[in-house]
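# Geometric and topological summary
This is what each chain is made of:
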Amino acid sequence: MFIDNVKITIESGRGGHGHISFRREKYVPNGGPDGGDGGLGGSIVFVADSGINTLVDFRYKKLFKAEDGVNGGGSKCTGRNGNDLILKVPIGTLIRYGWETDETDSPSGLVMADLKAHGERRVLAKGGRGGRGNQHFATPARQAPKFSEDGKAGKSYQITLELKLIADVGIIGFPNAGKSTLLSRVTKANPKIASYQFTTLTPNLGVVRHDYGRDFVLADIPGLIEGASKGVGLGFDFLRHIERTRVLLHVVDAARLEDELTPTQAVEKINAELRQFNPALLDRPQIIAANKSDLQPDESHLEELNAFAAKQGWQVYNISAATNSGIDELMRGLVDILKDAPEIEDFEPDYETYFEPERAEESITVEKIKEGYFRVEGPGIERMLGYTNMADERGFAFFQRFLRERGIIARLEELGIEENDTVQLYELEFDYWK
């Protein structure tokens, strides 16, 4: 089963919590805090694998979660790190953030990774950092800290995996033009071939060996008909694969056995679909193969096709995939044009911009929401709440000192806070008292 577009959710593991404990031994009366750190959460790692050619493994399972880190222990024991979750995908897999592309400022649809080579890896969701044990918070003034740091939560993303086959040459054209037959003649690919439309339901890849000067990969792109760019037929699902090809080989039925269009009209129709899907595709080098030339096609139609191609700067080859006539010349022509064909540009990942931004200067926001209600937010506040035991009197006093030292209390007073007013710090709320 060929699956080339799936939507899944990935979630990295949470870091283990730091431990609170104190060394208690017979001959060590003042052992002090010895709570160990939590382990790192497991990450989600994608790896391109040449042995996989479809995304079928992601069709039925929709949530992929890495292992959480283990909590720390006493005697300064660090918890075990969570295992990374390795997800193998085909070469040419594009990973986008979100489940649909929109035109807003949301990062949905932006590229997170573009895996183009065997063994290429991308850590897409890093595991959460493990929390520190209470051993790290001992100071000369606070020798018995009764708080530790919680492990950091993992990251969760809804993503779309989109397979775009990577090939040097993409064979395009109407159904029954002879694309699959041509592929079977010049490669060891064995596509299903029959005399009815849409025989080919999946893209087929084959390698043309160096008999013609160099090896290159040939892809048969199925299902292109008029209206394909709007979802008609099968073309909408497979037009994306053409974006990864350097040269387009346009196979046309020169004998008009199945098509009422002339060869020139057929070429124009398909190129119109490519233009609507992605105008940049028409900038790719293109070669036309006038197939079924052994069936005595109308010479006037061939002359018209040659004149049209000459205006575009395209070469026309008269071939017969059924009898192998003209195929050697066509393959050598493809080798020649591939020498100068530009490489396909990479999809530039936006991952660093949106998902791994450089750490900005930590700022704390203090604002008045309404009369008697204030809110305090910021990375430092969130981190402090994470490892402060608010139920412990000394831990709470330590947190109050932090608020005063950072000028947060002074800022609240500037905004007019009074006794009994409420202060929100993320999920916690406190009453203000002087």
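Everything quoted here is computed from the prediction, not taken from an experiment. (Residues numbered from 1 in each chain as written. Predicted model: local features only at pLDDT ≥ 70, side-chain atom pairs only at ≥ 80, totals over all residues. Heavy atoms only, no water.)

Let us look at the sheet that holds strand β2 (residues 44-48). One open sheet holds the three strands; their spatial order is β4-β2-β7, and the pairing between them is mixed. Among the strands making up the open sheet, the edge pair consists of β4 (85-89) and β7 (121-125). The mean angle between the axes of side-by-side strands here comes to 30°, regardless of whether they run parallel or antiparallel. As judged from the four bridges shared by β2 and β7, these two strands associate in the antiparallel manner. (Pairing = 2+ DSSP bridges. Helix = DSSP H or I, 4+ residues; strand = E, 2+ residues; numbered from the N terminus. Axes fitted to C-alpha atoms, helices over the stretch in contact; angles between N-to-C directions.)

Contact geometry for helix α1 (residues 179-186) and helix α5 (residues 327-340): axes closest at 12 Å, N-to-C directions at 85°. With respect to α5, the element α1 is oriented roughly perpendicular. Touching Leu-182, Arg-185 and Val-186 of α1 are Ile-327, Leu-330 and Met-331, all from α5. Broken down by class, the residue content of the contact of α1 with α5 amounts to five nonpolar, no polar and one charged. (Parallel < 35°, antiparallel > 145°, perpendicular 65-115°, else oblique. Contact = heavy atoms within 4.5 Å. Nonpolar A, V, L, I, M, F, W, Y, C, P; charged D, E, K, R; others polar.)

Ordered in space as β15-β16-β17-β18, the four strands form an open sheet in which the pairing is mixed. Two strands bound the open sheet, and with one partner strand each, they are β15 (365-370) and β18 (428-431). Neighbour-to-neighbour, the strand axes of this sheet turn through a mean angle of 25°, independent of strand direction. Relative to β18, strand β17 (residues 422-425) runs antiparallel, the two sharing four bridges. Residue pairing across strands places Val-423 opposite Phe-430, the latter belonging to β18.

This part takes up the pattern of salt bridges. By the definition in use, this model includes 12 salt bridges. Asp-336 is the partner of Lys-339 in a salt bridge, and the nearest nitrogen-oxygen pair spans 3.7 Å. One end of the pair, Lys-339, and the other, Asp-336, are both in helix α5, three residues apart, so they sit about a helical turn from each other. When salt bridges that share partners are traced, they join Arg-129, Arg-132 and Glu-149 into one network. (Salt bridge = Lys/Arg side-chain N within 4 Å of Asp/Glu carboxyl O.)

Among the structural elements, Asp-215 can be located in the loop between β10 (204-208) and β11 (216-220). Between the C-alpha atoms of Asp-215 and Val-335, which are 120 residues apart in sequence, the distance is 8.5 Å.

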